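Each chain, written out:
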Amino acid sequence: MPENPSDSRLRTVLANRADVLRTLLDGPATKPELVDSLDAARSTIDRAISDLTDVGCIEATRGQYRTTAAGRTALEEYESYVEGTQAIHRATDFLNGLTANASVPTDLLRGCEITLAEGHAPDTALRPSIELLKQATELRGLAPVVHSLYPQIIEDRIDDGGLTVEIVAQRNVVDSLPELAGGDASHLIDQEAARLHTTGEQLPYSLWMMELPEGAVAGITAHEDGRVHGVPINDTEAALEAAKDQYEVYKQSATLITSQ
């Protein structure tokens, strides 16, 4: 569908005049009041008022200017876009370690803490998530690969009664569990505290959610050329919801394993 020139005009105005629109969210103001509050030249405010009025984001009432419903909605969407692109920019090194067709929900990146692997010690990226796992009471996640450290930690945490687990794993991961766990993986599968699903789909990365005594966290463990590349961790409500939604999509088409 061809873009309407007025759509592009709105984006340009928001990029250039967001400060004026944001100020008017606090309440109606006159031009002199806007000049004072923004410490801007009168000519700058004049142009901003003209531009914002043009695209329907503000309107004049008895010598004052106030935001319209369209203006409030447009500013909210614009600021969400700016925040999202900033988060993507900060995560560029992490994202570029993923496969080209992998897509990470932006809400998982907003406000996250990213640990990237160090060249001489790639497993350093795992340390924050491993420490969380040792405290977790619940783990859910997607497993396209499995790191040799995880099965034993999970088994130990289940054995001491502190952890319940639900994993959607690629078939090759399930096949490799006995060797990685150092024995019969049915010990993990047959426990009430663990539910393992298998899928034939290609999972984009290791996505996980953990419940901790102090709250919930979500994260991604990404691999590049067989080694851990980076791990973003996020405890915001939006990130947890995005992780849950993505997890449920893969779980719906997966098969629960009841025995080996």
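Residues numbered from 1 in each chain as written. Predicted model: local features only at pLDDT ≥ 70, side-chain atom pairs only at ≥ 80, totals over all residues. Heavy atoms only, no water.

Packing of helix α7 (residues 127-135) against helix α8 (residues 149-159) leaves a shortest axis separation of 9 Å and a crossing angle of 20°. It follows from the interaxial angle that α7 and α8 lie roughly parallel. As α7 packs across α8, the resulting crossing turns out to be right-handed. Across the interface between the two elements, Ser129, Ile130, Leu133, Lys134 and Gln135 from α7 touch Leu149, Tyr150, Ile153, Ile154 and Arg157 from α8. Considered class by class, the residues forming the contact of α7 with α8 number six nonpolar, two polar and two charged. (Axes fitted to C-alpha atoms, helices over the stretch in contact; angles between N-to-C directions. Helix = DSSP H or I, 4+ residues; strand = E, 2+ residues; numbered from the N terminus. Parallel < 35°, antiparallel > 145°, perpendicular 65-115°, else oblique. Left-handed = near helix turned anticlockwise from the far one by under 90°. Contact = heavy atoms within 4.5 Å. Nonpolar A, V, L, I, M, F, W, Y, C, P; charged D, E, K, R; others polar.)

Read across the open sheet, the eight strands follow the order β3-β9-β8-β7-β4-β5-β6-β10; overall the sheet is mixed. Each edge of the open sheet is held by one strand with a lone partner, namely β3 (113-116) and β10 (255-257). Strand-to-strand twist across the sheet, computed as the mean angle between neighbouring axes with direction ignored, equals 15°. Here strand β5 (residues 164-170) pairs with strand β6 (residues 194-199) via six bridges, running parallel. Counterpart to Glu166 in the pairing with β6 is Arg195. Along the sheet, α7 contacts β3, β4 (138-143), β7 (206-212), β8 (215-224) and β9 (227-234); its crossing angle with β7, the most-contacted strand, is approximately 45°. Contacting β4, β5, β6, β7, β8 and β9, helix α11 (residues 237-252) runs over the sheet at an angle of about 125° to β7. (Pairing = 2+ DSSP bridges.)

Take the layout of surface pockets next. In this approach the atoms are scanned with a rolling probe the size of a water molecule, which exposes any empty space left behind. By volume, the largest pocket amounts to about 320 Å³. Forming the walls of the largest pocket are 17 residues, and the residues nearest its centre are Thr99, Gln202, Leu203, Pro204 and Tyr205. Sort the elements by how many residues they give to the lining of the largest pocket and β8 lands first, with three residues. Classifying every residue of the lining of the largest pocket gives nine nonpolar, eight polar and no charged. Roughly 150 Å³ of volume is contained in the second largest pocket. Along its surface, the second largest pocket is lined by Leu10, Arg11, Leu14, Ala74, Glu77, Tyr78 and Tyr81. (1 Å grid on protein atoms, 1.4 Å probe; cavity = no way out; pocket = protein on both sides within 12 Å on 5 of 7 lines; lining within 4 Å. Points joined across faces, edges and corners; volume = space filled by probe spheres on them.)

Among the residues of helix α2 (residues 31-38), Lys31, Leu34 and Val35 are the ones counted as buried. Projection of α2 onto a plane perpendicular to its axis shows the buried side chains occupying an angular sector of 105°, all on one side. With its phi angle positive at about 50°, Asp39 sits one or two positions after the end of α2. (Buried < 20%, exposed > 50% of the residue type's maximum accessible area, 1.4 Å probe, protein only. Arc of directions from axis to C-beta.)

Looking now at helix α4 (residues 69-90). The periodicity of an α-helix, 3.6 residues per turn, causes residues three or four positions apart to be oriented the same way. The first and last C-alpha atoms of α4 sit 32 Å apart over 22 residues, in line with the 32 Å expected at 1.5 Å per residue. By the burial criterion, the buried members of α4 are Gly71, Ala74, Leu75, Tyr78, Gly84 and Ala87. (Expected span 1.5 Å × (residues − 1).)

Once that is clear, we can look at the pattern of salt bridges. Under the defined criterion, the tally for this structure stands at 14 salt bridges. Here Glu131 makes a salt bridge to Lys134, at a shortest N to O gap of 3.7 Å. Placement of the pair is Glu131 and Lys134 together in helix α7, with a separation of three residues, close to one helical turn. Residue Glu138 is joined to Arg140 by a salt bridge in which the shortest nitrogen-to-oxygen separation is 3.3 Å. (Salt bridge = Lys/Arg side-chain N within 4 Å of Asp/Glu carboxyl O.)

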